[in-house]
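# Inside the fold
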Amino acid sequence: MALRAAILRHIRVPVQTAALDRSRSQAWSLCNSVRSMSSHDDHLEKEEVTERVLDVVKSFPKVDPSKVTPDVHFQKDLGLDSLDTVEIVMALEEEFKLEIPDLEADKIVSCPLAIEYIANHPMAG
């Protein structure tokens, strides 16, 4: 998916609107405006993902924001339990508007793993 998005960003398809009748031209215009509002082709930069992940973790009530770094482990470094980790993953899902499958969510136990998963997720927005 990421490769597809990268390719689509660089491909330009010429369209001759003069050859299209009015209704087709309007439909094409609507299609383009809907596509431009879609975040699915926009790949987030890793720096932006890192910043947003850290903000989510820092805002968690049981976390001391001064201890949060890009390398922090939720349980070992922040003293969170498994339920807290689930809540952080849910907050990340909400922040990035994506759904992380349970099997994948169980593996996200640190900021580096969260950042890596989200940065590589084609639907993260």
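A brief report on the enclosed structure follows. (Residues numbered from 1 in each chain as written. Predicted model: local features only at pLDDT ≥ 70, side-chain atom pairs only at ≥ 80, totals over all residues. Heavy atoms only, no water.)

## Looking at the overall build of the protein
Counting secondary structure elements, the protein contains 6 helices and 0 strands. Each helix and strand of the protein, placed in order from N terminus to C terminus, yields the pattern α-α-α-α-α-α. Residues counted as buried form 31% of the 125 residues belonging to the protein. The contacts of the protein with a sequence gap of at least 6 include a subset with a gap of at least 24, amounting to 57%. For the protein, the computed accessible surface area is about 8600 Å², with 56% contributed by carbon and sulfur atoms. (Helix = DSSP H or I, 4+ residues; strand = E, 2+ residues; numbered from the N terminus. Buried < 20%, exposed > 50% of the residue type's maximum accessible area, 1.4 Å probe, protein only. Contact = heavy atoms within 4.5 Å. Areas by Shrake-Rupley, 256 points an atom, 1.4 Å probe, with all protein chains shown as cover.)

## Some words on the layout of surface pockets
Here the second largest pocket defines a volume of roughly 150 Å³. The wall of the second largest pocket is formed by T85, V86, V89, M90, E93, I100, D102, A105 and D106. Top contributing element to the lining of the second largest pocket by residue count: helix α4 (residues 82-96), with 5 residues. Considered class by class, the residues forming the lining of the second largest pocket number 5 nonpolar, 1 polar and 3 charged. (1 Å grid on protein atoms, 1.4 Å probe; cavity = no way out; pocket = protein on both sides within 12 Å on 5 of 7 lines; lining within 4 Å. Points joined across faces, edges and corners; volume = space filled by probe spheres on them. Nonpolar A, V, L, I, M, F, W, Y, C, P; charged D, E, K, R; others polar.)

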